[in-house]
Amino acid sequence: RHGAVKSEDTFKTSPFHLDLWFYFTLQNWVLDFGRPIAMIILPLEWFPLNKPSAGDYFHMAYNVITPFLLLKLIERSPKTLPRSMVYVSIIMFVMGASIHLVGDSVNHRLIFSGYQHHLSVRENPIIKNLKPETLIDSFELLYYYDEYLGHSMWYIPFFLILFIYFTGCFTPVEEESRMPVAALLLMGPSSLYYWYLVTEGQIFILYIFTFFAMMALVMHQKRKGLVLDSNGLFLFYSFIITLVLIAVWVVWLWNDKILRKKYPGVIYIPEPWAFYTLHMNNLHAAKESF
């Protein structure tokens, strides 16, 4: 029966998935983090503003490769996991990432026209002077699809699949609760990417609830005499380091009045690209003026 946990699965163990975690880290950095960078640094004449950019093709590849890696990760779980939930999550993930592809493509291309990510849609100089004013509503709708609907349908199933996999990462054998050197080397890049994912995606609430659920599960399984295997430790420690990086990021930008204006409220976590368009763009412009 799909979703049932077989009794014989309880004592199965799984070695560290070096290949999968390496592919995850590599494609996350290249295809997700690298896509806006590729769009900016490659010559504009190669990818006109009315055509998909290099970053869009990176995003398309990400939308195909990531679901495949998530499915392979679930397949390697030592326990039988709820397949129906996994499949529905994968479908939602692809839908959300595809919605985000369209909205993000247009929003990032607007940078070449002077759009500033540290300002809201209506406060941007290139947007607020549009006529008729109803066009501004259309850009706000685009922003909603990109930053809210797309992110929700993308990241909620992504973290759900990781948590589902995490539930199968427990073993009664204490000796198997160790990480190989390769896992320690991958932990830094993996954690740094999750930091980027949480801050740029503005999904701290989703991340912290997932992390709390993981901690609660660890404590619950510990009472049964079960400990995390190497894959579970890798995922759990990566989330811990991510939390530390987010805290450092927030403390560093705590007194930034302009970013504070864009990110009001109790949870203040600026987006890296908003920081870039506010500070780094100005720095580059100052250097070019000399």
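Residues numbered from 1 in each chain as written. Predicted model: local features only at pLDDT ≥ 70, side-chain atom pairs only at ≥ 80, totals over all residues. Heavy atoms only, no water.

Draft legend 1. Fine view of the layout of surface pockets. By volume, the largest pocket is sized at about 290 Å³. Around the largest pocket, the lining residues are Ser 120, Val 121, Glu 140, Tyr 143, Tyr 144, Glu 147, Tyr 148, Gly 201, Gln 202, Lys 262, Tyr 263 and Glu 271. Considering every element that reaches the lining of the largest pocket, the biggest residue donor is helix H5 (residues 134-166), with five residues. Residue composition of the lining of the largest pocket, by class: five nonpolar, three polar and four charged. Taken together, 15 residues form the lining of the second largest pocket, with Gly 201, Gln 202, Ile 203, Phe 204 and Ile 205 sitting closest to its centre. When residues of the lining of the second largest pocket are traced back to their parent elements, those giving at least two are H5, helix H6 (181-201) and helix H7 (204-223). Ranked by residue count, the leading element in the lining of the second largest pocket is H5, at six residues. (1 Å grid on protein atoms, 1.4 Å probe; cavity = no way out; pocket = protein on both sides within 12 Å on 5 of 7 lines; lining within 4 Å. Points joined across faces, edges and corners; volume = space filled by probe spheres on them. Helix = DSSP H or I, 4+ residues; strand = E, 2+ residues; numbered from the N terminus. Nonpolar A, V, L, I, M, F, W, Y, C, P; charged D, E, K, R; others polar.)

Draft legend 2. Examining the packing of aromatic side chains more closely. Inspection of every chain in the model, using the stated rule, returns 34 aromatic pairs. With a centroid separation of 6.1 Å and an interplanar angle of 55°, the aromatic rings of Tyr 193 and Tyr 194 are classed as tilted. Here Tyr 194 falls in the buried class, since its relative accessible area comes to 6%. Centre to centre, the rings of Trp 252 and Phe 275 are 5.2 Å apart; their planes meet at 50°, and the pair counts as tilted. In this pair, Trp 252 is assigned in helix H8 (residues 230-252) and Phe 275 in helix H10 (residues 272-289), connecting sequence segments 23 residues apart. Positioned above the aromatic ring of Tyr 268 is the side chain of Arg 260, whose terminal nitrogen or guanidinium carbon lies 4.1 Å from the ring centre. (Phe/Tyr/Trp six-rings, centres within 6.5 Å; stacked < 30°, edge-to-face > 60°. Buried < 20%, exposed > 50% of the residue type's maximum accessible area, 1.4 Å probe, protein only. Lys NZ or Arg CZ within 6 Å of the ring centre and 35° of its normal.)

Draft legend 3. Broad picture of the packing of H7 against H8. Where H7 contacts H8, the axes come no closer than 11 Å and their chain directions differ by 140°. Comparing their axes, H8 and H7 come out oblique. In this structure, the crossing between H7 and H8 has a hand that is left-handed. Of H8, the residues touching H7 (which contributes Phe 204, Tyr 207, Ile 208, Thr 210, Phe 211, Met 214, Met 215 and Val 218) are Leu 235, Phe 236, Phe 239, Ile 240, Thr 242, Leu 243 and Ile 246. Looking at the contact of H7 with H8 residue by residue, the classes come out as 13 nonpolar, two polar and no charged. (Axes fitted to C-alpha atoms, helices over the stretch in contact; angles between N-to-C directions. Parallel < 35°, antiparallel > 145°, perpendicular 65-115°, else oblique. Left-handed = near helix turned anticlockwise from the far one by under 90°. Contact = heavy atoms within 4.5 Å.)

Draft legend 4. A look at H7. Between the first and last C-alpha of H7 there are 29 Å, a value that for 20 residues agrees with the 28 Å anticipated at 1.5 Å per step. All of the buried residues in H7 are Tyr 207, Ile 208, Thr 210, Phe 211, Met 214, Leu 217, Val 218 and Gln 221. Contact partners of the buried residues in H7: H5, strand S1 (170-171), H6, strand S2 (227-228) and H8. Phi for Gly 225, located one or two positions after H7, is positive at around 85°. (Expected span 1.5 Å × (residues − 1).)

Draft legend 5. Region of interest: the environment of His 117. The residue His 117 is located in the loop between helix H3 (83-109) and helix H4 (125-128) in this model. The exposure class of His 117 is buried, given its relative accessible area of 12%. Put simply, His 117 and Asn 107 are ten residues apart on the chain and 8.8 Å apart in space, counted from C-alpha to C-alpha. Beyond its immediate sequence surroundings of up to four residues, His 117 is in contact with Asn 107, His 108, Ile 111, Lys 262, Trp 273, Ala 274 and Thr 277.

Draft legend 6. Representation of the nonpolar core. Core analysis: the biggest nonpolar cluster contains 63 residues, and Trp 21, Phe 166, Leu 235 and Phe 239 have the highest contact counts within it. Only helix H1 (18-41), helix H2 (54-75), H3, H5, H6, H7, H8 and H10 provide two or more residues apiece to this core. Excluding residues that lie within four positions of it along the chain, Leu 235 makes contacts with Trp 21, Leu 162, Tyr 165, Phe 166, Tyr 194 and Met 214. (Core = buried A, V, L, I, M, F, W, Y, C linked by side-chain atoms within 4.5 Å.)

Draft legend 7. The arrangement of the UniProt feature "transmembrane region" (unreviewed entry) in the protein in detail. The positions UniProt marks with the feature "transmembrane region" (unreviewed entry) are residues 20-42, 57-74, 86-103, 154-173, 203-220 and 232-254. What you have in residues 20-42 is 96% helix and 0% strand, and the ends, taken at the C-alpha atoms, are 30 Å apart. (UniProt positions renumbered as here; feature names shortened; annotations may be inferred.)

Draft legend 8. How the structure looks around the pattern of salt bridges. Throughout the structure, instances matching the rule amount to seven salt bridges. Note that Lys 261 and Glu 123 form a salt bridge whose closest N and O atoms lie 3.7 Å from each other. One end of the pair, Lys 261, is in helix H9 (residues 257-262); the other, Glu 123, is in the loop between H3 and H4, with 138 residues separating them in the sequence. Its relative accessible area of 62% is what places Lys 261 among the exposed residues. Among the charged side chains, a salt-bridge network with shared partners connects Asp 32, Arg 35 and Asp 104. (Salt bridge = Lys/Arg side-chain N within 4 Å of Asp/Glu carboxyl O.)

Draft legend 9. Geometry of the environment of Ala 97. Checked against the element boundaries, Ala 97 lands in helix H3. For the pair Ala 97 and Ser 191, spaced 94 residues apart in sequence, the C-alpha separation works out to 21 Å. With sequence-adjacent residues up to four places away left out, Ala 97 is seen in contact with His 59, Asn 63 and Trp 154.

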